[in-house]
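# Inside the fold
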Amino acid sequence: MASPSVSLHRIRAPVQRAIANASVSASATARTYATVPTNSSETSTTSPSKPARRPTYFKDTTIASFDEFISAKSSALPPGEAYQLRTAEVGPASNRRTITRLPEWLKTPIPAGNDNYKRIKSDLRGLGLHTVCEEARCPNISECWGGSNKNAATATIMIMGDTCTRGCRFCSVKTDRKPPPLDPHEPEHVAEALARWGLGYVVLTNVNRDDLPDGGSRHFAETIRKIKAKKPGLLVEALTGDFWGDLDMVKVVAESGLDVYAHNVETVEGLTPYVRDRRASFKTSLKVLEHVKKVRGQDGIITKTSMMLGLGEQDHEVVDALKQIRNSGVDVVTFGQYMRPTKRHLQVEKYVTPEEFEMWRQRALDMGFLYVASGPLVRSSYKAGEAFIENVLKKRAGEKKSAGVTGKLSDAITIAVEDAIKTGGA
């Protein structure tokens, strides 16, 4: 006979299941949504007319609503709002940080999908060459490399490796006290690459090699000679370092057959110790540019330099720098916006507007510079400036040629007249 406790347990189990099912169904009918508050009476009486907007971290008040974006009826922002720096808060709540959004005039297209960009990059990698366009993260790489064909493209070849012995606080090129040795085949490889592209103008630059006795000047000169041997009509611009101020090394490069000698002062004199490597100086850079003119003559070569804006420079400092640069005989100057490569580099103190860049361009032209390229995305090697310099060089070459022909004709006429006088006298 079964015990009473077992019988009671069998009877209790179905009853408990029935009670549980009834409570679950009641709660399901009472709570339609998981977010309904506990006080059901208030919920039934208050029904919000508009759902709450999802919170966002972005604090940008100049962005129009989505409806205005769809309708495309929003008017242009006034200059005061358009040029105002905008910030955004990103990251989780525990580690949130504020970043500065780039102004619209500093945004450039992504070059990854351009076929010509890929072809040029493939040629460079196949020959083991480097470009300052990539190493310095130039924002114009899509414009310069992404032409409709290779003849319309421009690339600045960086020779002597991709590692610099100096550590400027604005530059993203790798640094090391003892970089790898120079590639003896590099001059030939560079000349071969440029011969393939069929360019009319090319820019060569180099990392500083303070570990070498001559700073790499002879390697630079040999590269230029190889290029001129393969394609004599190709115009070559050399963007060099200061070679520790050794003017003999500057002379080696200046006499190698190049057409434009460029060396950048980078910033105003007062900021030079904080922006550039401590081994560089504003006065040394001016001496380098001035010596090139002494070696090749005032009209024998074009000299060029570049300055970054947005590092905290004052207007009177820029004016003073321009005066010193012009007094050193420099023909071309360029202005561009400083862009911070990484968090380890100097912060941007100011995003200079396009109107301010135009003002500096006009001021420099009034001082007598041959050409001035000035804009937020302008860099020391900028193809718009290269096209102008190319025309100037060709014009000078034509004038010299015509002057030579004129001189030969006048000599021939003089000889003919003398012969006629002698014949008549006889």
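Look up a bit, the structure's there.
These lines cover the structure that appears in this document, whether it is placed above or below.

Parameters and conventions
Residues numbered from 1 in each chain as written. Predicted model: local features only at pLDDT ≥ 70, side-chain atom pairs only at ≥ 80, totals over all residues. Heavy atoms only, no water. Helix = DSSP H or I, 4+ residues; strand = E, 2+ residues; numbered from the N terminus. Polar contact = N/O pair within 3.5 Å; in protein donor to acceptor, adjacent residues only side chain to side chain. Contact = heavy atoms within 4.5 Å. Expected span 1.5 Å × (residues − 1). Buried < 20%, exposed > 50% of the residue type's maximum accessible area, 1.4 Å probe, protein only. Arc of directions from axis to C-beta. Salt bridge = Lys/Arg side-chain N within 4 Å of Asp/Glu carboxyl O. Disulfide = S-S within 2.5 Å. Phe/Tyr/Trp six-rings, centres within 6.5 Å; stacked < 30°, edge-to-face > 60°. Lys NZ or Arg CZ within 6 Å of the ring centre and 35° of its normal.

### Here's the deal with the side chain of His345
As for its placement among the helices and strands, His345 is situated in the loop between strand 11 (332-337) and helix 14 (354-366). In terms of polar contacts, His345 uses its side chain to reach the backbone carbonyl oxygen of Cys171, at 2.6 Å. Within the local environment of His345, its side chain forms a polar contact with the side chain of Thr342, the two groups lying 2.6 Å apart. Leave out the neighbours within four places in its chain, and His345 touches Cys168, Arg169, Phe170, Cys171, Ser172, Tyr338 and Arg340.

### Section: helix 14
In this model helix 14 runs 19 Å from its N-terminal to its C-terminal C-alpha over 13 residues, within 8% of the 18 Å that 1.5 Å per residue would give. Taken as a whole, helix 14 has its buried residues at Phe357, Trp360 and Ala364. Axial view of helix 14: buried residues confined to an arc of 60°, hence all on one face. At its buried positions, helix 14 is contacted by strand 10 (302-309), helix 13 (315-327), strand 11 and strand 12 (371-374). Among the residues trailing helix 14, Gly368 stands out with phi positive, at a value near 105°.

### A closer look at unusual backbone geometry
You will see that Met160, though not glycine, has its phi angle at about 70°, which is positive. With respect to the helices and strands, Met160 occurs in the loop between strand 4 (156-159) and strand 5 (163-164). We classify Met160 as buried; its relative accessible area is 2%. Unlike most non-glycine residues, Glu266 shows phi in positive territory, near 70°. On the secondary structure map, Glu266 appears in the loop between strand 9 (260-262) and helix 11 (272-275).

### A word on the pattern of salt bridges
Overall, the coordinates contain 17 salt bridges when judged by the stated rule. The closest approach of N and O atoms between Asp214 and Arg218, which form a salt bridge, is 3.3 Å. Lys293 is the partner of Asp331 in a salt bridge, and the nearest nitrogen-oxygen pair spans 2.7 Å. Within this pair, whereas Asp331 is found in the loop between helix 13 and strand 11, its partner Lys293 is found in helix 12 (residues 282-296), the two being separated by 38 residues in sequence. One network of salt bridges, in which partners are shared, links Arg166, Asp210, Asp242, Asp277 and Arg279.

### Quick word on the environment of Ser328
Locating Ser328 in the fold gives a position in the loop between helix 13 and strand 11. Looking at Ser328, the relative accessible area reads 9%, which means it is buried. Separated by 40 residues in the primary sequence, Ser328 and Val288 have C-alpha atoms spaced 9.3 Å apart. Those residues in contact with Ser328 that sit more than four places away from it in its chain are Leu286, Leu289 and Glu290. A distance of 3.0 Å separates a polar atom in the side chain of Ser328 from the backbone oxygen of Gln324.

### Quick word on the state of the cysteines
According to the stated counting rule, one finds 0 disulfides in the structure shown. The closest cysteine sulfur to the non-disulfide-bonded Cys168 is located on Cys171, 6.4 Å from its own sulfur. What makes Cys168 partly exposed here is its relative accessible area of 22%. Classification of Cys171 as partly exposed rests on a relative accessible area of 26%.

### Some details on the packing of aromatic side chains
Summed over the entire model, instances satisfying the criterion amount to 0 aromatic pairs. Across from the ring centre of Trp244, 5.6 Å away, lies the NZ or CZ of Arg166, which sits over that ring. In this structure, Arg326 is placed above the aromatic ring of Phe369, and the distance from its NZ or CZ to the ring centre is 5.5 Å.

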